[in-house]
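# Examining the three-dimensional arrangement
Listed below, chain by chain, are the residues.
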Amino acid sequence: MGVPVNARAWQRIPELGTEVGLWFLVRSLQALGRRPAEWMLRPIVAYYVARYPGIRRASANYLARVGVEPTPRAVSTHVFTFAACAIHRFLFVADNVSGFRIENHATEVLLGNGRAGTGAVLLGAHLGSFEALRAASRRTGARVNAVMDMRNAQLMRRFLERHAPDANVGILEVGADPTDLMLRARDCVERGEFVSILADRVGPGQRSTQVQFLGGTAELPTGPFLLAAHLRCPVYLVFGLYLGDGAYELVAEEFAERVELPRADRDGALAAYAQRFAERLEVRCRQAPYNWFNFFDYWSD
């Protein structure tokens, strides 16, 4: 299971902006509220769309695959949706959801059928806002621990450490030792907590497998499914879809009671789980087409 060059192209994309710029946006968000801050984003988004042709090409390619005509306006809407979800994260981290309308269909699935207090793995994607789900979960008493790779987000890390120190609560950071991550994740599940991981982007040193996704061949990491198999707990797909004007819809569906990897065909089983994930992700992308945020050359073909 190899990885073509473009599958990890996102690692070579530098962080855009400065810590001062982030500080200004967040302070504006806190002082003025969500809507004025989003209006301030529009000229910034217009600049980046004009300045970076790679972003335009990647967005247009994806939009065409998902059935949206890739006009300049559609591309700008796509990038703006990403920017809006990014700044909303700071409000969710601060547990400030007063300016949002969150329709939560996920909690009933995750906590229903006697599962309250039972740990599980939550598979997500760079689709909408996972932080919206974590914010909603805090109101139910459920704890969601996010597996995150911060190596390509040092600017964001420094900003959060300085201005929002509580943001790192419930984060399982990917490091050099995968065994340590497995042990920490297992402790979370044994305490009845959720462990979330995004499964649509291949990270440094990760193995991958090919899937058919939105009419082309793409690479998905196998690590999330290996983690789920190791934890031997239920697995759900979860997404926080942004519908615009402060409205989010939280959705969840059962993916597997257990991820089983038979010794006789371990790679084949991993490929099958990855393909099933890709098929469900495609459904959600078509449901909320401007919500998928992978602005690089994603497809192998």
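Residues numbered from 1 in each chain as written. Predicted model: local features only at pLDDT ≥ 70, side-chain atom pairs only at ≥ 80, totals over all residues. Heavy atoms only, no water.

### Quick notes on the environment of tryptophan 299
- Its place among the elements puts tryptophan 299 in the segment after helix 10 (266-287).
- Accessibility expressed as a relative area gives 4% for tryptophan 299, which makes it buried.
- Expressed as a C-alpha distance, the spacing of tryptophan 299 and alanine 58, which sit 241 residues apart in the sequence, is 9.8 Å.
- Separated by 2.8 Å, the side chain of tryptophan 299 and the backbone oxygen of phenylalanine 213 make a polar contact. (Helix = DSSP H or I, 4+ residues; strand = E, 2+ residues; numbered from the N terminus. Buried < 20%, exposed > 50% of the residue type's maximum accessible area, 1.4 Å probe, protein only. Polar contact = N/O pair within 3.5 Å; in protein donor to acceptor, adjacent residues only side chain to side chain.)

### Describing helix 3 (residues 53-66)
- Here helix 3 contains 14 residues, and its C-alpha end-to-end distance of 20 Å stays within 8% of the 20 Å for a straight helix at 1.5 Å per residue.
- All of the buried residues in helix 3 are Ile55, Ala58, Ser59, Tyr62, Leu63 and Val66. One side of helix 3 holds all its buried residues, which, seen down the axis, span an arc of 125°.
- On the buried face of helix 3, the contacting elements are helix 2 (34-51), helix 4 (72-93) and helix 10. (Expected span 1.5 Å × (residues − 1). Arc of directions from axis to C-beta. Contact = heavy atoms within 4.5 Å.)

### As for the packing of aromatic side chains
- All chains considered together, the criterion is met by 19 aromatic pairs.
- Taken together, a centroid distance of 5.1 Å and an interplanar angle of 70° make the contact between tyrosine 47 and tyrosine 48 edge-to-face.
- Accessibility expressed as a relative area gives 44% for tyrosine 47, which makes it partly exposed.
- Relative to tyrosine 298, the ring of phenylalanine 213 has its centre 6.2 Å away and its plane inclined at 65°; by these criteria the two rings are edge-to-face. In this pair, phenylalanine 213 is assigned in strand 6 (residues 208-213) and tyrosine 298 in the segment after helix 10, connecting sequence segments 85 residues apart. Neither residue differs from the other here; phenylalanine 213 and tyrosine 298 are each classed as buried.
- Through successive ring pairs, a cluster of aromatic residues spans Tyr62, Phe213, Trp292, Phe296, Tyr298 and Trp299.
- The ring of tryptophan 39 carries arginine 42 above its face, with NZ or CZ at 4.6 Å from the centroid.
- One Lys or Arg, arginine 65, reaches over the ring of tryptophan 299 and ends 4.3 Å from the middle of that ring. (Phe/Tyr/Trp six-rings, centres within 6.5 Å; stacked < 30°, edge-to-face > 60°. Lys NZ or Arg CZ within 6 Å of the ring centre and 35° of its normal.)

### Some thoughts on helix 9 (residues 223-231)
- When helix 9 is considered as a whole, its buried residues turn out to be Pro224, Phe225, Leu227, Ala228, Ala229 and Leu231.
- Positive phi shows up at arginine 232, right after helix 9, with a value of about 50°.

### Section: the pattern of salt bridges
- All chains considered together, the criterion is met by 14 salt bridges.
- Note that glutamate 193 and arginine 143 form a salt bridge whose closest N and O atoms lie 3.7 Å from each other. Placement of glutamate 193 in the loop between helix 8 (178-190) and strand 5 (194-198) and of arginine 143 in the loop between helix 6 (130-138) and strand 3 (144-148) is noted, with a sequence separation of 50 residues between them.
- Residue glutamate 193 is classed as buried on the basis of its relative accessible area, which comes to 12%. (Salt bridge = Lys/Arg side-chain N within 4 Å of Asp/Glu carboxyl O.)

### Describing the environment of alanine 94
- The residue alanine 94 is located in the loop between helix 4 and strand 1 (101-104) in this model.
- Each C-alpha atom, one on alanine 94 and one on alanine 135, is 8.9 Å from the other, the two residues being 41 residues apart in sequence.

### Notes on the sheet that holds strand 2 (residues 120-124)
- Within the open sheet, the seven strands sit side by side as 1-9-8-2-5-3-4. Their pairing is mixed. Looking along the sheet, the strands with just one partner apiece sit at the ends: strand 1 and strand 4 (171-173). Adjacent strand axes in the sheet meet at a mean angle of 25°, parallel and antiparallel pairs treated alike.
- In this sheet, strand 9 (residues 247-256) lies alongside strand 8 (residues 235-244) in antiparallel orientation, the contact comprising nine bridges. Directly across from phenylalanine 239, in strand 9, lies its bridge partner valine 251.
- Sheet strands in contact with helix 4 are strand 1, strand 3, strand 8 and strand 9, and its direction is about 110° off that of strand 8. (Pairing = 2+ DSSP bridges. Axes fitted to C-alpha atoms, helices over the stretch in contact; angles between N-to-C directions.)

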